[in-house]
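Notes for the structure review
One-letter residues, chain by chain:
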Amino acid sequence: MAENVLLRHEDVPDIHKLDVYLAHDGYVAARKALTTLKPEEVTALVKESNLRGRGGAGFPAGVKWGFLPKDSDKPVYLCCNADESEPGTFKDRAIIEKNTHILLEGILITCYAINAHMAYIYIRGEFAYGAKCLERALAEAYDQGLFGKDIFGTGFDLEVYVHRGAGAYICGEETGLIQSIEGKRAYPRIKPPFPAVYGLFGCPTIVNNVETLACVSSIIKNGPDWFRSIGPESGPGPKIYGVSGHVEQPGMFELPMGMPLREVIYDYAGGIKDGKQLKAVMPAGSSFPVLTPDEIDVHMDFDSMRAIGAFLGTAGIIVMDEDTCMVRALEIIDRFYHHESCGQCSPCREGTGWLHKLLVRLEEGNGKAEDIDLIDRICTNMMGNTVCVLADAAAMPTQSYLTKFRAEFVAHVTAGGCPLKKAAAQPEAA
Amino acid sequence: MPTLEIDGQEVTVEDGLNVIQAAEQVGIEVPHYCYHPGLSISGNCRMCLVEIENIPKLQIGCNTRVADGMVVKTTSERAKHAQAAVLEFLLINHPIDCPICDQAGECKLQDYYMLYGAYKSEMQLEAKVQKGKVVDLGPEVVLDEERCILCARCTRFCDEITQTGELGIFERGDHSRISLFPGKQLDNPYSGNVVDVCPVGALTSKDFRFKARVWYLEKTPSTCTRCATGCNIDIYHRQGEIFRFRPRQNPDVNEYWMCDEGRHWYKSFQQDSRIPTPLVRDGSSFAVASWDGAGTAAAQAVRRTQDEYGAEAVAAIVGAKATNEEAFLLSRLLREQIGSTQTAGLAWSPADAFHDDFLIHADKNPNTHGLKSLGLLNGGGEAEAILSAAEQGQVKALFVLGADLVTAFGQERIERALGETRVILLDTDYNGTTEYADIVLPIAAAPETDGTCTNQAGRVQRLSQAFPPPGEAKAGWEALALLSTHLDGPDSVSITDVFGELTQSVPAFTGLTYGKIGLQGVPLAGAGSSADS
Ligand SMILES: Cc1cc2nc3c(=O)[nH]c(=O)nc-3n(C[C@H](O)[C@H](O)[C@H](O)COP(=O)(O)O)c2cc1C
Ligand code: SF4
Ligand code: SF4
Ligand code: FES
């Protein structure tokens, strides 16, 4: 691909500084939108571009904006979801720290499109540096009149607040995020009503992911046709793939949507570390099914992934080599969900803890044969029946591990613990 | 008015109802924990999952509004499976200590377990999450964190109803627990309601804890007499002893709630000060008398006064804790059997009585409005006028019904007024005024009698007899009927008859019958249908 959009700092040093950003067509798209387009025209362009949400669910951004009630006299809010807490995911942080203004410009254009005069950037509490970057960039932009009153002399006003998160994964769920901004416990809300109708402070609200918003200025600048030409039409655009785990060169790669997973792992991330064999990949953060080596020819876009029963999620790719104990890997994943369940819904509150305890038991060698089916049954009972999808996010990977790596679970029962660990502990035969 | 189908039954219901409410109207209970009709929808327990045709996922009944043509299945395979699964989740970390739990018998975990669960426990005991037991929340309430299913009814009560916000949910996931915010106590005047809304045994009442198994208690619907609001209640009792009051739903009066003072009011009826038998003065002390003996003595005292000083020298003061029927019978007795117009109501409350703009009324009498309707109270100086008349020697015999004049007017004043007056007292308990009585007739307290009171908003509501009065005490209306016969007046055979006679003679009650009042009360003609708050 040509120049990076999202990871543009790799091509243009110091692009996070306003003068550098401005020197490279910065805020040109925003000026174009505010001075030459009507808000609904901006929304129409984004709709046409088929930009789909990068927060995990892949919902078309323009369509979401269109859900705002037309006849409301309440203020509209934009919340930029910068809570990035998904395991194996670190793309938003890069944009925030290294390409800050592309996010701010996206926020400005989006607010104009949805007629919001106030935006919150809800940033994960641990991202202290990221918050500082945002504050610094905002201060510069305010100074230049890019935010605040009467932007570009159009009469359009916009205030942007950086709100540091309250330290929980669930604060990234959009209604948990809204609750958290309101100063409440981040208990996700029951839907309906959806945020577009009843969101922040009870007002119509759009929640979009950092990477989603960071795509917006390029659509306005280059047009929806350009955007749709990058990757599959149904969900195109530039995309950051984050690769971690047992690869030679972990990191972030900006590539078109729909890259074959194999290519990302082997061509960009340098293949499996130390020449080992691939055992498993979590291609979408930790909240979705695991893939086996024979599944990695899949293309990384929303629809292709769905077609094989997987998801694109955040495209945070976690690679595991042949020496990985899948029981232990799952135990770690479920420990996370147990720790992060907000505790509101009975199936999730009790189910995540139950799953984790059973996996610890298996891992420690105290598991029973029935436990495997019990885990599977608990997952089934957790799925689809809760306020938010954290319960599904725990159950889905768990069930996929059981299905795809069942033998390892059985072996933990029969061997009374991890066979891999035991093998490693054996003295080498002379 | 949408028409929908629930489990094969077609039903037309009001707009705006949710599936749980609509199902209830056709006698179907959708199991639920977090939903409470008096609180906002929280949707957290996930117990009320039902199947709705054309919606792929199961939906929670509490947050699903009914719509025309909706087809709901609350007992389909899928729905029942989901309900059983939720119950299983709720029970994994539950201590299963029903044998020592006060909620046993009225616990929704127990109830639904019998209906949907009944599987073996899959969780080894030692693996359960352990939390706080016997956590003191305030003067009324104790929390057992392990029994809590985190339905958030209690927190919503404190946030939405009392708006005092003492309780919150702390920590996350299966370590979540209910607790007080720092520096707070659960001591709002309505705190006892959290015990009622708690669907399990997590919140228990300090007053009721360990006193009785609920299945041994009898429940009688009645009205609280602690103040003029008249919250609807259930009296829980056994063998003449009351164990607790609980609010009974009445959308026009108290919704689902009652105050803590009212909750404790039952104790006022079972003090050692109850008068066990009729008494007749014998010099400086009282002699036990039969009802007939006391009735005869009362009649003689009245007739002698009448002969010596004229009919208007016989007067009566009726306290506003008397029922409408009692007040009516006494004033009629004076008017028709004696020929005196001197019957006055008295609605005394302490000047500094606690009150608020929710349920707790400054008037601590249950029937002030009733006495007004009966013409016994107008400006409020009526009883005072009778005392003045007594001081001036114009009143020589005085009936006192359910009023402690000494507390209301002070010892000195009563000494002056009643020192030389023949006093016929009808009351439940000994009090400062008993000392001035010549004849004492013990009557039933509110939980021991039938009758009606009219609350501050003009709503006539029924008291129901939970059990007979102690000793030889009689219901007030029966005592007054007996006095009437001793004064050649009519007898009364039942509370319905007395009420019928009342409606004949008091215009505000025209058209009412005792039956019509039912368990929810009826506004008097001219009174608004809801409380004036
Ligand atoms: C448990 C949970 C955690 C989530 N965390 C994040 C997050 O950290 N960042 C994010 O953008 N979206 C997160 N989401 C998704 C958001 O709810 C929401 O779908 C997203 O912010 C919408 O933005 P998009 O349409 O631009 O993708 C999370 C969802 C769930 C259920
Ligand atoms: S599914 Fe889990 S995380 Fe989501 S609202 Fe329910 S308890 Fe909280
Ligand atoms: S204490 Fe009772 S009412 Fe409060 S959350 Fe727990 S179960 Fe619900
Ligand atoms: S009653 Fe509906 S979710 Fe609890």
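Remember, it's a predicted structure, so these values are computed and weren't measured experimentally.

Definitions and limits used
Residues numbered from 1 in each chain as written. Chains lettered and ligands numbered in written order. Predicted model: local features only at pLDDT ≥ 70, side-chain atom pairs only at ≥ 80, totals over all residues. Heavy atoms only, no water. Near = heavy atom within 4 Å. Nonpolar A, V, L, I, M, F, W, Y, C, P; charged D, E, K, R; others polar. Pairing = 2+ DSSP bridges. Helix = DSSP H or I, 4+ residues; strand = E, 2+ residues; numbered from the N terminus. pLDDT = per-residue confidence, 0-100. Contact = heavy atoms within 4.5 Å. Salt bridge = Lys/Arg side-chain N within 4 Å of Asp/Glu carboxyl O. Buried < 20%, exposed > 50% of the residue type's maximum accessible area, 1.4 Å probe, protein only. Polar contact = N/O pair within 3.5 Å; in protein donor to acceptor, adjacent residues only side chain to side chain. Areas by Shrake-Rupley, 256 points an atom, 1.4 Å probe, with all protein chains shown as cover. Buried area = accessible area lost by both parts, 1.4 Å probe. Domains from an automatic or database assignment. Phe/Tyr/Trp six-rings, centres within 6.5 Å; stacked < 30°, edge-to-face > 60°. Lys NZ or Arg CZ within 6 Å of the ring centre and 35° of its normal.

1. Looking at the site of ligand 2
Within the structure, ligand 2 sits among 13 residues, and Cys342, Gln344, Cys345, Cys348 and Cys388 of chain A are positioned closest to it. Tallied by class, residues from the shell around ligand 2 come to nine nonpolar, four polar and no charged.

2. What about the pairing of strand β14 (residues 279-282) of chain B?
Residues and elements named next belong to chain B. For β14 and strand β15 (residues 285-288), the ladder comprises four bridges, and the chain directions are antiparallel. Directly across from arginine 281, in β15, lies its bridge partner phenylalanine 286. Alignment of β14 against strand β20 (residues 439-442), held across two bridges, turns out to be antiparallel. Its bridge partner being in β20, valine 280 is matched across the sheet by isoleucine 439.

3. Describing the confidence of the model for chain B
Residue and element names in this part refer to chain B. Confidence in the prediction for chain B averages 94 pLDDT; 97% of positions are at 70 or higher. Scored below 50 in pLDDT, residues 528-533 shows 13 contacts in the model against residues more than four places distant or in partner chains. The ipTM value of the predicted complex is 0.91, and its pTM value is 0.93.

4. Thoughts on the pattern of salt bridges
Per the counting criterion, the structure on display carries 57 salt bridges over all chains. Lysine 279 of chain A is the salt-bridge partner of glutamate 408 of chain A, the closest N and O atoms lying 2.6 Å from each other. Here lysine 279 of chain A lies in strand β9 (residues 278-286) and glutamate 408 of chain A lies in helix α17 (residues 406-414), a separation of 129 residues in the sequence. Each member of the pair glutamate 408 of chain A and lysine 279 of chain A is classed as buried. With its nearest N and O atoms 3.2 Å apart, the salt bridge here joins aspartate 207 of chain B to lysine 267 of chain B. With aspartate 207 of chain B in the loop between β10 (203-205) and β11 (218-223) and lysine 267 of chain B in the loop between α6 (260-264) and β14, this residue pair connects regions lying 60 residues apart in the sequence. With relative accessibility at 15%, the residue aspartate 207 of chain B sits in the buried group. Residue classification places lysine 267 of chain B among the partly exposed residues on the basis of a relative accessible area of 31%. Because the salt bridges share partners, they merge into one network encompassing Asp97, Lys133, Asp144, Glu146 and Arg147 of chain B.

5. Some details on the environment of tyrosine 241 of chain A
Residue and element names in this part refer to chain A. Considering the arrangement of structural elements, one finds tyrosine 241 in strand β6 (residues 238-245). For tyrosine 241, a relative accessible area of 0% corresponds to the buried category. Separated by 12 residues in the primary sequence, tyrosine 241 and phenylalanine 253 have C-alpha atoms spaced 5.2 Å apart. Not counting the four nearest positions on each side in its chain, tyrosine 241 is found in contact with Gly251, Met252, Phe253, Leu255, Pro256, Met257, Gly258, Met259, Val264, Met300, Ala315 and Ile317. A distance of 3.3 Å separates a polar side-chain atom of tyrosine 241 from the backbone nitrogen of methionine 259. A distance of 3.5 Å separates a polar side-chain atom of tyrosine 241 from the backbone oxygen of methionine 300.

6. Some thoughts on the site of ligand 1
Residues and elements named next belong to chain A. Among the 19 residues in the neighbourhood of ligand 1, the closest are listed as Gly55, Asn81, Asn208, Asn209 and Thr212. Asparagine 81 has a polar side-chain atom sitting 2.9 Å from an oxygen atom of ligand 1. Threonine 212 places a side-chain nitrogen or oxygen 2.7 Å from an oxygen atom of ligand 1. Considering ligand 1 on its own, with 610 Å² of exposed area, one finds that the protein chains cover 89% of that surface. Top element by residues in the shell around ligand 1 is strand β5 (residues 205-209). It accounts for three residues. Of the residues assigned to the shell around ligand 1, the class counts are five nonpolar, eight polar and six charged.

7. What to know about the interface of chain B and chain A
Listed as interface residues are 35 residues of chain B and, on the opposing side, 34 residues of chain A. Here chain B meets chain A over a buried area of about 2700 Å², counting both sides, of which 50% is carbon and sulfur. Considering only the surface of chain B that becomes buried against chain A, Arg46, Phe89 and Arg172 of chain B emerge as the three largest contributors, covering 27% of it. Linking chain B with chain A are two salt bridges, by the criterion used here. Ionic pairing is found between glutamate 340 of chain A and arginine 172 of chain B, a salt bridge with its closest N-O pair at 3.3 Å. Where chain B meets chain A, there are 17 residue pairs in polar contact (both at pLDDT 80 or more). Those elements that provide at least two residues to the side of chain B that touches chain A are α2 (77-92) and β8 (167-170) of chain B. Here the element with the most residues in the side of chain B that touches chain A is α2 of chain B; it accounts for eight residues. By residue class, the composition of the side of chain B that touches chain A is 18 nonpolar, nine polar and eight charged.

8. Remarks on the domain arrangement of chain A
Residue and element names in this part refer to chain A. Parsing chain A into structural domains produces domain 1 (8-228), domain 2 (238-321) and domain 3 (326-423). Here the C-alpha centroids of domain 1 and domain 2 sit 27 Å apart. Taken residue by residue, the interface counts 20 residues in domain 1 and 21 residues in domain 2. Contact between domain 1 and domain 2 buries roughly 1500 Å² in total, counting both sides, with carbon and sulfur atoms accounting for 60%. Our enumeration of links across domain 1 and domain 2 arrives at two salt bridges. In this structure, the salt-bridge partner of arginine 52 is aspartate 303, at a minimum N-O distance of 3.2 Å. Inspection of the region where domain 1 meets domain 2 yields eight residue pairs in polar contact (both at pLDDT 80 or more). Contributing elements (two or more residues each) for the side of domain 1 that touches domain 2: α5 (91-98) and α9 (210-222). It is α5 that provides the largest number of residues to the side of domain 1 that touches domain 2, a total of three residues. Residue composition of the side of domain 1 that touches domain 2, grouped by class: eight nonpolar, six polar and six charged.

9. Considering the packing of aromatic side chains
On inspection of all chains with the given rule, the structure shows 26 aromatic pairs over all chains. With 4.9 Å between their ring centres and 65° between their planes, phenylalanine 157 of chain B and tryptophan 257 of chain B make a pair best called edge-to-face. With a gap of 100 residues between them, phenylalanine 157 of chain B in helix α4 (residues 153-161) and tryptophan 257 of chain B in the loop between β13 (241-247) and α6 connect regions that are remote in the sequence. Each member of the pair, phenylalanine 157 of chain B together with tryptophan 257 of chain B, is buried. Grouped by ring-pair contacts, the aromatic residues Tyr77, Tyr120, Tyr161 and Phe201 of chain A constitute a single cluster. The ring of tyrosine 309 of chain B is capped by lysine 396 of chain B, whose NZ or CZ atom sits 5.2 Å from the centre of that ring.

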